[in-house]
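Observations on the model geometry
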Amino acid sequence: DLTSLDVRKCINLTELDCKHNELTSLDVSKCINLSELFCDHNELTSLDVSKCINLTWLDCTYNPLTILYLNAKHKNIYYQIYHPEGVNIEYLDS
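These lines cover the structure that appears in this document, whether it is placed above or below. Quick caveat, the model's predicted, so the values are computed rather than measured. Residue numbers here run from 1 along each chain, matching the order of that chain's written sequence. With the structure being a predicted model, the display of local features is reserved for residues of pLDDT at least 70 and the display and counting of side-chain atom pairs for 80 or more, all residues being used for whole-chain, interface and lining totals. Water and hydrogen atoms were dropped before computing side-chain values, which therefore reflect all heavy atoms in the structure.

**Side note on the sheet that holds strand β5 (residues 67–71)**
Reading across the sheet, the 3 strands line up as β3-β5-β7 and stay open at both edges, with parallel pairing between neighbours. Here the strands that pair on one side only, and so sit at the sheet edges, are β3 (46–48) and β7 (88–92). Pairwise comparison of adjacent strand axes, ignoring direction, gives a mean angle of 15° for this sheet. At least two DSSP bridges between two strands are required for those strands to pair. Only DSSP runs of H or I covering at least 4 residues are called helices, and only runs of E covering at least 2 are called strands; the numbering of each starts at the N terminus. Axes here refer to lines fitted to C-alpha atoms; in helices the fit is confined to the stretch in contact. Angles between the N-to-C directions go from 0 to 180 degrees.

What follows is the structure, encoded as structure tokens:
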């Protein structure tokens with residue numbers, strides 16, 4: 001299982017599937033072309049996808065998330081979170 005993953009230099013990445021690992025953090029701030037992110041079943045407590053303006057699919061279920069940062073300009077994004085009542089969702093401007 002992965003405990004860390006560095007994708008900061010993967011600016012052309014469009015899909016990322018890193019589910020079923022032991023990631024405690026995931027920095028996708030440089031992945032501006034990312035359209036699909038599957039990071040479910042990890043140990044993420046926060047996730048910031050606000051810079052991923054092309055994101056249309058996000059699965060971050062089964063993480064102990066307390067905060068999720070989305071972009072105010074996200075259109076037609078589909079996201080899944082586990083226990084949404086315990087997750088603070090903030091919309092940021094890019």
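Having seen the model, we can carry on.
**Thoughts on the pairing of β5**
Summary of the burial criterion: residues with accessible area below 20% of their type's maximum are buried, those above 50% are exposed, and those between are partly exposed, where the area comes from a 1.4 Å probe applied to protein chains only. Counting buried residues along β5, 4 of its 5 residues qualify, which places the element largely inside the surrounding structure. One ladder, built from 3 bridges, connects β3 with β5; its direction is parallel. Bridge pairing in β5 links Asp48 to Tyr69.

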